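Analysis of the macromolecular model
For reference, the chains in residue letters:
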Amino acid sequence: MVRLMWLTIVGALIVLAQTVAAQARGESLAPLAEQISPAVVNITTSTLVEGQTGPQGIVPEGSPFEDFFREFQDRNGDDDNRPRRSNALGSGFVISEDGFIVTNNHVIAEADEILVEFFPGDGQPVKELPAKVIGTDEKTDIALLKVEATGPLKYVTFGDSDTARVGDWVIAMGNPLGQGFSVSAGIVSARNRALSGSYDDYIQTDAAINRGNSGGPLFNMDGEVIGVNTAILSPNGGSIGIGFSMASNVVIKVVDQLREFGETRRGWLGVRIQDVTEDMAEAMGLDKPGGALISDVPEGPAKEAGLLAGDVILSFDGVEVEDTRGLVRQVGETTVGKSVRVVVHRDGSTQTVLVTLGRREDAERVEEEEVEAIEEQDEENKDILGLTVSPLTETLREDMGLDPEMEGLVVSNVDEASEAFAKGLRAGDVITEAGQQKVASISDLEARMEEAREAGRKSLLLLVRRGGEPRFVALSLEE
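What follows deals with the overall build of the protein. Counting its secondary structure elements, the protein contains 12 helices and 27 strands. Looking at the 479 residues of the protein, the share that counts as buried comes to 39%. In the protein, 60% of the contacts between residues at least 6 apart in sequence involve partners at least 24 apart. For the protein, the accessible surface area stands at approximately 26,800 Å², while carbon and sulfur atoms represent 49% of it.

And the structure:
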């Protein structure tokens with residue numbers, strides 16, 4: 001019996017020694033690569049690019065040799081005005097047998113045509129299929145495509161990126177530098193890297209990633225996708241062992257929304273926040289730095305729920321808030337319309353506030369419209385030639401007692417040090433013509449100024465009306 005036990009122990013030690021030796025010399029990755037490679041694809045995009053005008057890039061504009069080189073190009077059949085197609089390469093991977101494919105948004109952005117090339121296995125010829133865009137997300141640089149195949153496609157599944165440890169082996173697959181299907185191996189170098197986005201959660205790896213690998217999968221040793229290869233850090237454009245893959249746990253949520261809605265639908269709390277420093281924590285009576293300090297509460301869900309500037313968010317939907325980055329990600333990953341409990345530190349004690357989340361994309365659209373409105377307002381008042389001018393509106397016409405049909409630019413201010421002031425222009429004057437052409441907008445006036453400069457004129461003739469009386473004034477165009 002003792003002898004049998006010893007034989008069992010010795011046998012176990014031999015097996016263990018063989019395993020350690022195998023790991024030391026490195027087992028071949030070929031079986032794993034063969035298993036998952038049919039789901040990895042090359043992506044080619046085509047974009048129509050406007051042709052150049054004139055001999056750009058050969059001689060400077062206005063050069064005495066410009067006509068010579070234009071004639072030379074014409075004789076050689078070069079037509080820079082003709083639109084041309086620009087091609088780009090990337091990678092992707094199939095996630096369902098019915099043809100859904102994940103890649104990077106920047107791989108297919110602005111593409112007119114997308115072709116997906118499948119890895120030729122078992123001696124089969126290369127197969128190409130056109131793809132359509134189901135949805136994209138610029139914030140995580142993820143795009144979801146769809147191809148229509150005659151039969152079920154080989155596909156891969158996502159793994160849990162949170163279980164990936166620094167030092168774990170990983171495989172990157174894709175189409176580096178347009179050379180075709182390629183495999184590279186390395187380890188997880190770091191976790192939770194942030195580059196520039198609010199929702200960044202990158203896995204850093206030293207597996208070789210180059211241009212063309214973008215959108216390709218990063219696999220663990222179980223053949224599961226734990227990242228989407230997105231970016232590299234390099235002084236020369238080639239791999240130096242610092243690559244970044246968007247973590248699968250971020251990608252899964254984005255892909256699910258793109259697949260269901262064709263767009264992302266992220267939660268929105270509606271606060272402006274900043275990290276809590278040690279000094280802030282001490283001043284507010286907090287035990288330690290942490291949480292997210294609310295610096296402003298504009299119109300939105302948080303204001304409706306009663307959150308205030310100066311509150312420190314300690315917990316969101318039952319999860320402790322470590323810093324602003326973590327809160328932004330957590331809010332964004334929460335379902336739109338969900339009512340969540342937000343625990344805040346306020347006036348030396350904690351309070352719980354129930355907030356119903358809005359949708360970030362809707363809030364961003366409103367913000368963009370507000371910015372555009374501000375830009376348009378700025379455009380309505382511009383300083384030109386020593387004058388502050390704006391287009392006539394119905395309100396201005398009524399206030400100034402002008403003809404309802406009159407068009408032009410009203411002068412609201414005149415720089416006293418300008419030529420315009422010296423020549424008698426004053427606030428309340430209306431410019432109706434410039435360069436003997438009617439003007440109704442600031443862009444009209446700027447166009448007349450540019451035309452005059454191109455014609456070699458040093459001044460612009462304005463027709464100015466004051467109290468219904470017209471007069472011409474010439475203002476210098478020289479700066």
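Having seen it, we continue.
With that out of the way, let us pick up unusual backbone geometry. Even without glycine at this site, Asn-192 takes up a positive phi of about 55 degrees. Its place among the elements puts Asn-192 in strand S8 (residues 182-193). Judged by relative accessible area, which is 41%, Asn-192 ranks as partly exposed. With a phi angle near 65 degrees, Gln-436 is a residue other than glycine that sits in the positive phi range. Its place among the elements puts Gln-436 in the loop between strand S24 (430-434) and strand S25 (437-438). Overall, Gln-436 belongs to the exposed group, its relative accessible area being 63%.

A separate point is the sheet that holds strand S7 (residues 169-174). Strand order around the closed barrel formed by 6 strands is S7-S8-S9-S12-S11-S10, with antiparallel pairing between neighbours. Here the strands of the sheet are splayed against their neighbours by 45 degrees on average, with no regard to which way each runs. Sheet analysis places S8 next to strand S9 (residues 202-205), joined by 3 bridges and oriented antiparallel. Along S9, the bridge assignment pairs Arg-193 with Tyr-202. Together, strand S11 (225-232) and strand S12 (243-247) form the strand contacts of helix H5 (residues 248-261), whose direction differs from that of S12 by roughly 50 degrees.

The next point concerns helix H12 (residues 442-454). Counted at 1.5 Å a residue, the expected span for H12 with its 13 residues is 18 Å, and the 18 Å between its end C-alpha atoms agrees. Among the residues of H12, Ile-442, Leu-445, Arg-448, Met-449 and Ala-452 are the ones counted as buried. Each buried residue of H12 sits inside an arc of 125 degrees when the element is viewed along its axis, so together they form one side. Positive backbone phi, approximately 85 degrees, marks Gly-456, located one or two places after H12.

Moving on, we get to a nonpolar patch on the surface. A surface patch of nonpolar side chains, about 300 Å² in accessible area, is lined by Leu-29, Trp-169 and Met-221. With respect to the helices, strands and loops of the structure, Trp-169 is situated in strand S7.

Within the secondary structure, Val-102 is located in strand S3 (residues 100-104). On the basis of relative accessible area, Val-102 is assigned to the buried category, the value being 0%. For Val-102, the contacting residues outside a window of four places in its chain are Gly-92, Phe-93, Ile-95, Ile-142, Ala-143, Leu-144, Phe-158, Gly-215, Val-228, Val-251 and Val-255.

This paragraph deals with the environment of Leu-293. Tracing the backbone through its elements, the reader meets Leu-293 in strand S15 (residues 292-296). For Leu-293, a relative accessible area of 12% puts it in the buried group. Along the primary structure Leu-293 and Ala-281 are separated by 12 residues, whereas in three dimensions their C-alpha atoms are 9.9 Å apart. Leave out the neighbours within four places in its chain, and Leu-293 touches Arg-272, Ile-273, Gln-274, Val-276, Met-280, Met-284, Gly-310, Asp-311 and Val-312.

Our focus in this paragraph is the pairing of strand S18 (residues 339-346). Relative to S18, strand S16 (residues 312-316) is paired through 4 bridges, and the arrangement is antiparallel. Opposite Ile-313, over in S18, you have Val-344 as the bridge partner. For S18 and strand S19 (residues 349-356), the ladder comprises 8 bridges, and the chain directions are antiparallel. The residue of S19 that forms the bridge with Val-344 is Gln-351. Hairpin connection from S18 to S19: 2 residues lie between these consecutive antiparallel strands, with Asp-347 at a positive phi of about 55 degrees.

Each pocket or cavity is described by its volume, and for the largest pocket that value is around 520 Å³. Considering the residues around the largest pocket, the lining is formed by 23 residues, among which Trp-268, Gly-270, Val-271, Arg-360 and Glu-367 are closest to the centre. Residue contributions to the lining of the largest pocket peak at 6 residues, all from helix H9 (residues 360-380). Of the residues assigned to the lining of the largest pocket, the class counts are 11 nonpolar, 5 polar and 7 charged.

Looking now at the nonpolar core. Grouped together as the largest cluster of nonpolar side chains are 40 residues, with contacts concentrated most on Ile-43, Ile-101, Val-102, Val-116, Phe-118, Val-147 and Phe-219. In contact with Ile-43, other than residues within four places in its own chain, are Ala-88, Leu-89, Gly-90, Ser-91, Gly-92, Thr-103, Val-107, Ile-108, Ile-114, Leu-115, Val-116 and Leu-145.

This part covers the pattern of salt bridges. One pass over the full model with this rule turns up 22 salt bridges. Here Arg-359 and Glu-263 are joined by a salt bridge, their closest N and O atoms 3.2 Å apart. With Arg-359 in strand S20 (residues 358-359) and Glu-263 in the loop between H5 and strand S13 (267-268), this residue pair connects regions lying 96 residues apart in the sequence. On the basis of relative accessible area, Glu-263 is assigned to the partly exposed category, the value being 28%. Where Lys-382 meets Glu-446, a salt bridge forms, and the shortest distance between an N and an O atom there is 2.6 Å. Placement of the pair is Lys-382 in strand S21 (residues 382-384) and Glu-446 in helix H12, with a sequence separation of 64 residues. Among the residues examined, Lys-382 registers a relative accessible area of 31% and is labelled partly exposed. On the accessibility criterion, Glu-446 (30% relative accessible area) is partly exposed. One network of salt bridges, with partners in common, ties together Glu-263, Arg-265, Arg-359, Glu-361, Asp-362 and Arg-365.

Reading the values: rules and limits
Each chain carries its own residue numbering, running from 1 in the direction its sequence is written. Only residues with pLDDT of 70 or above have their local features reported here, since the model is predicted, and side-chain atom pairs are shown and tallied only from 80 upward, although totals for entire chains, interfaces and linings are computed over all residues. With hydrogens and water stripped out, all remaining heavy atoms of the structure feed into the side-chain values. Each helix is a run of H or I in the DSSP string that is no shorter than four residues. Each strand is a run of E no shorter than two, and both are numbered from the N terminus. Residue exposure (1.4 Å probe, protein chains only): buried if accessible area is under 20% of the type maximum, exposed if over 50%, otherwise partly exposed. For this analysis, residues touch if any pair of their heavy atoms sits within 4.5 Å. Accessible areas in this description were obtained via Shrake-Rupley with a 1.4 Å probe; residue shielding takes into account the shown protein chains only. Strands were regarded as paired on the criterion that DSSP finds at least two bridges between them. Convention adopted: a line fitted to C-alpha atoms gives each axis, helices being fitted over their contacting stretch, and angles between N-to-C directions are expressed from 0 to 180 degrees. By definition here, a helix of n residues has an expected span of 1.5 Å times n minus one. Regarding the arc, it is the one traced by the directions from the helix axis to the C-beta atoms. Two distance rules govern patches: like charges are joined within 9 Å, and nonpolar side chains (Val, Leu, Ile, Met, Phe, Trp, Tyr) within 5 Å, applied only to residues with over 30% relative accessible area and no salt bridge. Just to be clear on terms, a salt bridge is a Lys or Arg side-chain nitrogen sitting within 4 Å of an Asp or Glu carboxyl oxygen. Points on a 1 Å grid, built from protein atoms alone, make a cavity when a 1.4 Å probe fits but cannot get out and make a pocket when they are open with protein on both sides within 12 Å along at least 5 of 7 lines; residues with an atom within 4 Å of a point are the lining residues. Grid points are joined across faces, edges and corners, and a volume is the space filled by probe spheres set on the points. The nonpolar class holds Ala, Val, Leu, Ile, Met, Phe, Trp, Tyr, Cys and Pro. Asp, Glu, Lys and Arg form the charged class, and all remaining residues, Gly among them, are polar. Buried Ala, Val, Leu, Ile, Met, Phe, Trp, Tyr and Cys residues that are joined via side-chain atoms within 4.5 Å together make up what is termed a nonpolar core.

Without other data, these values stay purely geometric and don't point to any function.
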